[in-house]
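Read off the chains here:
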Amino acid sequence: MNYSSESARNWWLPVLKTLAVLAVLYMFFFSLELMGNAFKLMGKGFAHRMIATTNNPFVGLFIGVLVTSVVQSSSTVTSLVVGLVGGGALGITNAIPIVMGANIGTSITNIIVSLGHIRNDVEFKRAFAASVVHDFFNIITVMWLLPLQIFFGFLQKPAHFLAESFQNVGGMDLLSPVKAVTKPLSHLVIQLTGRNGIICAIIGIVSLFVALRYLVKILKWLVVGKVETWFKTRLFKNAGRALILGTVLTMLVQSSSITTSFIVPIVGAGILTIQQIFPYTMGANVGTTITAIIAALVIGTPEALTVAFSHLLFNVFGIAAIWKFQFVPIKLAELLSGMSYKRKYVAFLFILVTFFIIPLTLIFIAR
Amino acid sequence: MLKQLLSLLKEGSLMDQAYNETVEMINVLGNMFDMSVDYLHSGKVPAKEEDTYTLDKRVNLLEQKLRRHIYTHLVLNKQQDLYMSLILVQIGVDLERVGDYIKNIYDLRRIIGDLSFNGAIEELTEMEDKIRKMVPRVKAALEKQDSVAATQIQKDYFPLAKLCDQRVEEILTGSSESESCKNAAMLALYYRYLKRVVAHLINVASAISNPYDRIGFHPDDII
């Protein structure tokens, strides 16, 4: 028996992982640079088609839900959307509903995690409620913010103001050295592909997926072992602290799917309650917006930054509105988990209907 | 908030904390045993803060914290430290049981009142002294992760556990010299509780030295 931590014995691993983070970050920045150039190469025809497809905000919303449910990463989808906006292939107004949809779609991961508890009724009831409370927060927030955005630009206007202010104080130049480093490789790929926009876009999107996938994996290895000591029940006794914990941890790992999935088995075991973890979940929603903000800063256009800030404001406004009414999503989650633990098919039906059937049907009808 | 965050960072990993909790449990159990045995013989009621029930609650809380920390660690780190986690949980369960039996010893005096050990007092005092010495030995073996010392503890204390069983058997078959039913019952229970305390501490020692599937079994028992 050896009580010294297993990870502590491999001292060289963190060094290797830090180098890997730098390499993957480079790949992420490169993918954004390449995508921006690729969309420009593809010309106005592509932009018109994209804009026409997403002109209906509900279609945009459900594209966001569907794509994020499939790739299980809102950071990837929002970064991609920011890339499209930065490259002029998508307008801000069309992009914002997609980002909202990505917020909903990302919660499928922790629902899948909760299904791991399906053999124990009591455990499943708690775990499932802890996972779907995230959905209810997102759905409720979309229900009131999407109409306000459509009719009054409720998110777009303050996000645009923030982006302009940020630009005025020189914030856009923060990551300009990154552009200088990624430009040569991006140009090389463009030359090698014979300036083919489609091939460049495919390489860019694949690079983005791979980079974010491995970035999250490596950051999880690097960060989670260190911050596990933060997972104290006393931190979850105060909603404000839980919110900050969720935000900070997600910013460090760059994935709300990961940080909200951690909490599901802990609630399943009865160590924490749904009331205690709900603010943490909302914090994770805020924390995950950092990836798109970084992407927008690399792309360096005010439009991209406006979309990234819209994502942040969506969550901030959502939290502010629901803070005093946290019982609403919690009660809804408990109601659904109460139904699901008795009839397990309800849980599967919820996943199918929310993440696939409704989005696919509406996208199909709107065509 | 910052002060709290800094104190959290100083606490170390969840596994470190879980390990510290097992050591702390042994410390508390050592005090509990001393106090319960003193109370059993002298009848002098301890102060509330050192009362066996208060200390037992502390042991139970430590076990709950231990489990919480281990479970959360496994959720966050999947299979990392899995073997160590299972062992620490097992040790926690055994130590919690030790606490329960020490509480039972305390209850003997609380329920029965004046006790008469007659001819058994010399042997019982010797057993109690041996157990008093066993507790720091188990703690030291755990702290140093000393499997040789842990194996020696098991070998040294198996005879004591067997002697306790033998005395219970003698009382039940009427071959001992108990004066009354009440005394016989009291003595049988006391030997039984001492045996269980020793047996669970042997289990803890076996968790340090034995392979996982043989925790709680004699080191020489090869299946």
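Here's a quick rundown of the structure. All of these numbers come straight from a predicted model, not from anything done at the bench.

## Some thoughts on the overall build of chain B
So, point 1. The helix and strand inventory of chain B stands at seven helices and zero strands.
So, point 2. Helices and strands appear in chain B in the N-to-C order α-α-α-α-α-α-α.
So, point 3. Across the 223 residues of chain B, 48% fall into the buried class.
So, point 4. Just so you have it, chain B exposes about 10900 Å², and 53% of that area is on carbon and sulfur atoms.

## Some remarks on the overall build of chain A
So, point 1. In terms of helices and strands, chain A carries 17 helices and zero strands.
So, point 2. Relative to the 2.2 N^0.38 estimate, which gives 21 Å for 367 residues, the radius of gyration of chain A is 21 Å and therefore close to what a compact globule would have.
So, point 3. Along the longest, intermediate and shortest principal axes, the C-alpha atoms of chain A span 60 × 55 × 40 Å.
So, point 4. Taking all 367 residues of chain A together, 55% fall into the buried category.
So, point 5. Across chain A, every contact between residues at least 6 apart in sequence was considered, and the portion connecting residues at least 24 apart equals 83%.
So, point 6. Total accessible area on chain A is roughly 15500 Å²; 70% of this is exposed by carbon and sulfur atoms.
So, point 7. In chain A, which carries 26 positive and 10 negative side-chain charges, the distance between the mean positions of the two groups comes to 3 Å.

## Some points on unusual backbone geometry
So, point 1. With a phi close to 65°, Gln254(A) is a non-glycine residue in the positive phi region.
So, point 2. Tracing the sequence through the fold places Gln254(A) in the loop between helix H11 (239–253) and helix H12 (256–268).
So, point 3. The exposure class of Gln254(A) is buried, given its relative accessible area of 8%.
So, point 4. Unusually for a residue other than glycine, Gln145(B) sits at a positive phi of about 50°.
So, point 5. Here Gln145(B) shows up in the loop between helix H5 (121–144) and helix H6 (147–173).

## Digging into the layout of surface pockets
Using a probe with the size of a water molecule, rolled over the atoms, empty space left in the structure can be pinpointed.
So, point 1. Approximately 650 Å³ is the volume found for the largest pocket.
So, point 2. The wall of the largest pocket is formed by 23 residues, among which Thr109(A), Val216(A), Ser255(A), Ser257(A) and Ile258(A) lie closest to the centre.
So, point 3. Those elements that place two or more of their residues in the lining of the largest pocket are helix H6 (108–115), helix H10 (197–227) and H12 of chain A together with helix H3 (52–77) of chain B.
So, point 4. Here the lining of the largest pocket gets seven residues from one element, more than from any other, and that element is H10(A).
So, point 5. For the lining of the largest pocket, the per-class residue count stands at 12 nonpolar, seven polar and four charged.

## Observations regarding the packing of helix H14 (residues 289–299) of chain A against helix H15 (residues 302–322) of chain A
Residues and elements named next belong to chain A.
So, point 1. Their axes nearest at 8 Å, the elements H14 and H15 cross at an angle of 165°. Of the possible angle classes, the one that applies to H14 and H15 is roughly antiparallel. In this structure, the crossing between H14 and H15 has a hand that is left-handed. Of the residues in H15, those touching H14 at Thr289, Ala292, Ile293, Ala296, Leu297 and Ile299 are Ala304, Leu305, Ala308, Phe309, His311, Leu312 and Asn315.
So, point 2. Counted by class, the contact of H14 with H15 contains 10 nonpolar, three polar and no charged residues.

## Focus on empty space enclosed by the protein
Residues and elements named next belong to chain B.
So, point 1. Scanning all chains against the criterion turns up one cavity of 30 Å³ or more.
So, point 2. The computed volume of the largest cavity comes to approximately 50 Å³.
So, point 3. What lines the largest cavity is Ile26, Leu29, Phe33, Leu95, Val98, Ile102, Val135, Val197 and Leu201.
So, point 4. Counting residues per element, the ones that place at least two in the lining of the largest cavity are helix H2 (14–42), helix H4 (82–112) and helix H7 (181–209).

## Things to note about the pattern of salt bridges
Residues and elements named next belong to chain B.
So, point 1. If you walk through the whole model with that rule in mind, you get 15 salt bridges over all chains.
So, point 2. A salt bridge links Arg67 to Glu63, with the nearest nitrogen and oxygen atoms 2.8 Å apart. Of this pair, Arg67 and Glu63 both sit in helix H3, four residues apart, roughly one helical turn.
So, point 3. Note on Arg67: relative accessible area 42%, which makes it partly exposed.
So, point 4. Residue Arg192 is joined to Asp165 by a salt bridge in which the shortest nitrogen-to-oxygen separation is 3.9 Å. You can see Arg192 sitting in helix H7 and its partner Asp165 sitting in helix H6, a full 27 residues away along the chain.
So, point 5. Taken together, the shared-partner salt bridges connect Asp34, Asp38, Asp129 and Arg132 into one network.

## What about the packing of helix H7 (residues 121–152) of chain A against helix H17 (residues 345–366) of chain A?
In a packed pair of helices, the relevant descriptors are the angle between the two axes and the axis-to-axis distance.
Residues and elements named next belong to chain A.
So, point 1. Direction vectors running N to C along H7 and H17 enclose 20°, while the axes themselves pass 12 Å from each other. In this view, H7 runs roughly parallel relative to H17, as classed from their interaxial angle. Classified by chirality, the crossing of H17 by H7 is left-handed. The residues of H17 that touch H7, namely those facing Phe124, Phe128, Val132, Asp135 and Ile139, are Ala347, Phe350, Thr354 and Phe355.

## So, the nonpolar core
So, point 1. Of all hydrophobic cores here, the largest spans 115 residues; its most connected members are Leu32(A), Val81(A), Val82(A), Met100(A), Phe231(A) and Phe236(A).
So, point 2. Sort the elements by how many residues they give to this core and H10(A) lands first, with 13 residues.
So, point 3. One finds Met32(B), Leu88(B), Tyr190(B) and Val197(B) within the second-largest nonpolar core, a separate group that totals 64 residues.

## Description of a nonpolar patch on the surface
Residue and element names in this part refer to chain A.
So, point 1. Taken together, the side chains of Tyr345, Leu349, Leu352, Val353, Ile357, Ile358, Leu362, Phe364 and Ile365 present a nonpolar region at the surface, about 880 Å² in accessible area.
So, point 2. Checked against the element boundaries, Phe364 lands in helix H17.
So, point 3. You can call Phe364 exposed: its relative accessible area is 64%.

## Concerning the environment of Met42(A)
Residue and element names in this part refer to chain A.
So, point 1. Mapped onto the secondary structure, Met42 falls in helix H2 (residues 12–53).
So, point 2. Looking at Met42, the relative accessible area reads 22%, which means it is partly exposed.
So, point 3. Separated by 155 residues in the primary sequence, Met42 and Gly197 place their C-alpha atoms 4.9 Å from one another.

## Observations concerning H4(B)
All names here are of chain B.
So, point 1. Counted at 1.5 Å a residue, the expected span for H4 with its 31 residues is 45 Å, and the 45 Å between its end C-alpha atoms agrees.
So, point 2. Most pronounced at Tyr106, the bend in H4 amounts to some 25°.
So, point 3. Just downstream of H4, Gly113 is the residue with a positive phi angle, here 85°.

## Description of the packing of aromatic side chains
All names here are of chain B.
So, point 1. The tally for this structure, following the rule as stated, stands at 15 aromatic pairs over all chains.
So, point 2. Between Phe117 and Tyr190, the ring centres sit 5.9 Å apart and the planes meet at 45°, which makes this aromatic pair tilted. One end of the pair, Phe117, is in the loop between H4 and H5; the other, Tyr190, is in helix H7, with 73 residues separating them in the sequence. Each member of the pair Phe117 and Tyr190 is classed as buried.

Definitions and limits used
- Residues numbered from 1 in each chain as written.
- Chains lettered and ligands numbered in written order.
- Predicted model: local features only at pLDDT ≥ 70, side-chain atom pairs only at ≥ 80, totals over all residues.
- Heavy atoms only, no water.
- Helix = DSSP H or I, 4+ residues; strand = E, 2+ residues; numbered from the N terminus.
- Buried < 20%, exposed > 50% of the residue type's maximum accessible area, 1.4 Å probe, protein only.
- Areas by Shrake-Rupley, 256 points an atom, 1.4 Å probe, with all protein chains shown as cover.
- Rg over C-alpha atoms; globule rule 2.2 N^0.38 Å.
- Contact = heavy atoms within 4.5 Å.
- Lys, Arg positive; Asp, Glu negative; His and termini not counted.
- Charge placed at Lys NZ, Arg CZ, Asp CG, Glu CD.
- 1 Å grid on protein atoms, 1.4 Å probe; cavity = no way out; pocket = protein on both sides within 12 Å on 5 of 7 lines; lining within 4 Å.
- Points joined across faces, edges and corners; volume = space filled by probe spheres on them.
- Nonpolar A, V, L, I, M, F, W, Y, C, P; charged D, E, K, R; others polar.
- Axes fitted to C-alpha atoms, helices over the stretch in contact; angles between N-to-C directions.
- Parallel < 35°, antiparallel > 145°, perpendicular 65-115°, else oblique.
- Left-handed = near helix turned anticlockwise from the far one by under 90°.
- Salt bridge = Lys/Arg side-chain N within 4 Å of Asp/Glu carboxyl O.
- Core = buried A, V, L, I, M, F, W, Y, C linked by side-chain atoms within 4.5 Å.
- Patch = residues over 30% accessible without salt bridge, like charges linked within 9 Å, V, L, I, M, F, W, Y side chains within 5 Å.
- Expected span 1.5 Å × (residues − 1).
- Bend = angle between axes of the 7 residues up to and from the residue.
- Phe/Tyr/Trp six-rings, centres within 6.5 Å; stacked < 30°, edge-to-face > 60°.

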